[in-house]
Amino acid sequence: MSSIHVFRENTPGALVRATQDHAEIAAILRDVGIRFEAWEASFSFTPSATTEEILAAYHAPIEKLCREGGYPSVDVARLSPDPSDPSWPAKAQAARGKFLEEHTHDEDEVRFFVHGAGVFYLRLAGQVLAVRCERGDLISVPAGTRHWFDMGTQPDFCAIRFFGTPAGWIGTFTGDEIARRFPDADTLAQGAPW
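Everything numeric in this text was worked out from a predicted model, so none of it was measured. (Residues numbered from 1 in each chain as written. Predicted model: local features only at pLDDT ≥ 70, side-chain atom pairs only at ≥ 80, totals over all residues. Heavy atoms only, no water.)

## Quick word on the layout of surface pockets
For the record, the criterion: Lining residues are defined by having an atom within 4 Å of a point belonging to a cavity or pocket. Those points lie on a 1 Å grid over the protein atoms alone, cavities being sets where a 1.4 Å probe fits but cannot get out and pockets being open sets with protein on both sides within 12 Å along at least five of seven lines. Grid points are joined across faces, edges and corners, and a volume is the space filled by probe spheres set on the points. The secondary structure listing takes helices from DSSP runs of H or I that are at least 4 residues long and strands from runs of E that are at least 2 residues long, numbered from the N terminus. Here the term charged refers only to Asp, Glu, Lys and Arg, the term nonpolar to Ala, Val, Leu, Ile, Met, Phe, Trp, Tyr, Cys and Pro, and the term polar to all other amino acids, Gly among them.
If you add up the space inside the largest pocket, you get close to 450 Å³. Lining the largest pocket are 23 residues, and of these Ala77, Phe99, Met151, Phe157 and Arg161 sit closest to its centre. Residue assignment for the lining of the largest pocket shows that the elements contributing at least two residues are strand S4 (73-79), helix H4 (88-98), strand S6 (109-124), strand S9 (146-150) and strand S10 (157-163). Across the lining of the largest pocket, the residue classes break down as 14 nonpolar, four polar and five charged. Estimated volume of the second largest pocket: approximately 240 Å³. What lines the second largest pocket is a set of 16 residues, and nearest its centre among them are Phe45, Thr46, Pro47, Ser80 and His115. At the level of secondary structure, the elements contributing two or more residues to the lining of the second largest pocket comprise S4, S6 and S10.

Right under this line is the structure:
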């Protein structure tokens, strides 16, 4: 289930607010300039589905958002467990590690989750907002926003990504180790104390 956990930036153990109510999540994020919407994600895919098949299944909403936002480029980011691949744990760890450090982008980071889940951590206005995005969630993080993304230790997600330029999504890392001080995606999913 989609959720948001709001922490004070300087006190990671101080949970300010948490909810799984989609309208409330959207309102909290809207107040800090983040677009968060529920979209229809009615197509199910097998692990062998191609990028072209996924994009074709969501052609109409993709085209609409591309026109609205001026995004000339889209792609699909996905990762799912593969028990038949002995190197899967190492691949999953490497993929997860790429985005676990705080960074920014030169353009908006727009994602529509069509399968699975991942957590965006947004550092804004003296707070860290941990937003668990799941199937059907659209999130748009404005350019320059400090954030990191955690797909968990067992990544299983598929998201359609929208770009103004193919190079625009490259992260500029801040060098701040803030991400290590907050509960990770697995901890949030378990509802465990931190």
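## Re the environment of His147
Stated precisely, the cut-off is as follows: The contact rule is simple, with two residues in contact once any of their heavy atoms fall within 4.5 Å. N or O atoms closer than or at 3.5 Å make up a polar contact, with two conditions inside protein: a donor-capable atom paired with an acceptor-capable one, and, for residues adjacent in sequence, both atoms drawn from side chains.
Of note, His147 is situated in strand S9. His147 sits 48 residues away from Phe99 along the chain, and the two C-alpha atoms are 9.1 Å apart. Other than its neighbours up to four places away in sequence, His147 contacts Glu101, Glu102, His103, Thr104, His105, Glu109, Phe120, Tyr121, Leu122 and Val141. A distance of 2.8 Å separates a polar atom in the side chain of His147 from the backbone oxygen of Thr145.

## Let's talk about the environment of Arg181
Within the fold, Arg181 resides in the loop between strand S11 (172-173) and helix H5 (185-190). Spatially, the C-alpha atoms of Arg181 and Val32 are 22 Å apart, while their sequence positions differ by 149 residues. Discounting chain neighbours no more than four positions away, the residues touching Arg181 are Pro12 and Asp176.

## What to know about the nonpolar core
If you look at soluble globular proteins, the nonpolar side chains tend to sit buried side by side. Put simply, the test is: For this analysis, a nonpolar core means a set of buried residues of the types Ala, Val, Leu, Ile, Met, Phe, Trp, Tyr and Cys, connected via side-chain atoms within 4.5 Å. Accessibility here uses a 1.4 Å probe with only protein chains present; expressed as a share of the type maximum, an area under 20% marks a residue as buried, one over 50% as exposed, and anything in between as partly exposed.
Core analysis: the largest hydrophobic core is formed by 23 residues, its most contacted members being Leu29, Leu122 and Val131. Where this core is concerned, the elements lending two or more residues are strand S1 (3-8), helix H1 (22-30), S6, strand S7 (127-134), strand S8 (137-141) and S10. The contact partners of Leu122, leaving out residues within four places of it in the chain, are Leu29, Ile34, Gln127, Val128, Leu129, Val131, Val141, Arg146 and His147. One finds Tyr58, Ile62, Val114 and Phe162 within the second-largest nonpolar core, a separate group that totals 16 residues.

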